[in-house]
Amino acid sequence: MIKLTCPSKIEEWYRDWDESMIWSYLQTVMGDAYADREDRPTSAIICVNCFGFAAGIPNIQLVQDWYNQVVDKFAIITARDDSWHKAFEEVGKDNCRRVERYAIKKEPDCFNVNKLTTFVTQAGQECEIRQIDEDLYHECKKYRWSEDFVQGYKTYGEFQHKGLGFVAICHGSLLSGASSYSSYKGGIKIEVDTKEDCRRKGLATACASKLILECLKRGLYPSWDAQNKWSLALAEKLGYHFSHTYSAYEVWK
């Protein structure tokens, strides 16, 4: 396995894959790609944060090397078709499970600004929706549930340049948020979460609404991919529309 230095060598395999994290790599905004060889590769995996996107000829050795050398504690890997699934299952074995995720349509005109604004105000007077600044960047990194809000950006300077996010602060405590899990030219991919004992209070809805509104103001598209039915329901509440389900594999060490 080698780390590719030129995205154009594998671009044709990913050109029609409607996934913003793939665009992040192909546009050289963030992420890496690994292949079976540098010259005329036949298999590749694009990696952005904990996600892997496999393409080309299914290659068990490449997936094994990715698992051994790239995966830290947890990762999610997927491919356009089932031909890669055997390679994923062979590598993961007992540390692997197949899951269904929910792809969301990318429709720039699907949002109702007035509705989103109402969701923001419904957070209540006790909660303040604040944009992630340098102090909040470091605060997000303190907790497992919120670290993905900023984890894809090595420094606050990088987050400030490429990322965008909002969090709900109540009585001085960080309780919920919506932020860029990844960035690409023209948009971000949204990550939403809430502290477990503060869920079902509309905080995630308020933060996500504020983030979408700010994206629209800046001419960015807020891409969404749903991990589960709760995330899908929230996306639809905010104006997104379901596209299709797809299979992915969660692996861990």
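Bear in mind the structure is a predicted one, so any value in this text is a computation, not a measurement. (Residues numbered from 1 in each chain as written. Predicted model: local features only at pLDDT ≥ 70, side-chain atom pairs only at ≥ 80, totals over all residues. Heavy atoms only, no water.)

Here's the deal with the packing of helix α3 (residues 60-69) against helix α4 (residues 85-92)
Orientation of α3 relative to α4, taken along the N-to-C sense of each, is 45 degrees, at an axis distance of 9 Å. Judged by the angle between their axes, α3 and α4 are oblique. Note that α3 runs across α4; the crossing there is right-handed. The residues of α4 that touch α3, namely those facing Ile60, Val63, Gln64 and Tyr67, are Ala87, Phe88, Glu90 and Val91. Residue classes in the contact of α3 with α4 are distributed as six nonpolar, one polar and one charged. (Axes fitted to C-alpha atoms, helices over the stretch in contact; angles between N-to-C directions. Helix = DSSP H or I, 4+ residues; strand = E, 2+ residues; numbered from the N terminus. Parallel < 35°, antiparallel > 145°, perpendicular 65-115°, else oblique. Left-handed = near helix turned anticlockwise from the far one by under 90°. Contact = heavy atoms within 4.5 Å. Nonpolar A, V, L, I, M, F, W, Y, C, P; charged D, E, K, R; others polar.)

Describing the state of the cysteines
This structure, assessed with the given rule, holds one disulfide. Note on cysteine connectivity: Cys127 is disulfide-linked to Cys170, with sulfurs 1.8 Å apart. Across the S-S bond linking Cys127 and Cys170, the dihedral sits near 100 degrees, which makes this disulfide right-handed. Of the two residues, Cys127 sits in strand β7 (residues 127-131) while Cys170 sits in strand β8 (residues 165-170), which places them 43 residues apart along the sequence. Across the pair, Cys170 and Cys127 agree in class, each one buried. The thiol of Cys215 is unpaired, and the distance to the nearest cysteine sulfur, on Cys110, comes to 12 Å. (Disulfide = S-S within 2.5 Å. Buried < 20%, exposed > 50% of the residue type's maximum accessible area, 1.4 Å probe, protein only.)

Section: the packing of aromatic side chains
The description of two aromatic rings rests on the distance between their centres and on the angle between their planes. The tally for this structure, following the rule as stated, stands at 15 aromatic pairs. Ring geometry for Tyr153 versus Phe159: centroids 5.3 Å apart, planes at 85 degrees, classification edge-to-face. For the residue pair Tyr153 and Phe159, the accessibility class agrees, reading buried in each case. Clustering of aromatic rings is evident, with ring pairs tying together Tyr14, Trp17, Phe51, Phe53 and Tyr181. Its guanidinium or amino end placed over the ring of Phe119, Lys237 lies 5.2 Å from that ring's centre, counting from NZ or CZ. (Phe/Tyr/Trp six-rings, centres within 6.5 Å; stacked < 30°, edge-to-face > 60°. Lys NZ or Arg CZ within 6 Å of the ring centre and 35° of its normal.)

A short note on the sheet that holds strand β6 (residues 96-104)
In spatial order, the strands read β1-β2-β3-β4-β5-β13-β6-β12; together these eight strands make up an open sheet with mixed pairing. Each edge of the open sheet is held by one strand with a lone partner, namely β1 (2-3) and β12 (225-226). Sheet topology note: the strand β4 (residues 51-56)/strand β5 (residues 74-79) ladder contains four bridges and is parallel. Each bridged residue has a counterpart across the sheet, and for Phe51 the counterpart in β5 is Ile76. Seen against the sheet, helix α9 (residues 229-238) touches β6, β12 and β13 (242-252) and runs at an angle of roughly 10 degrees to β6. (Pairing = 2+ DSSP bridges.)

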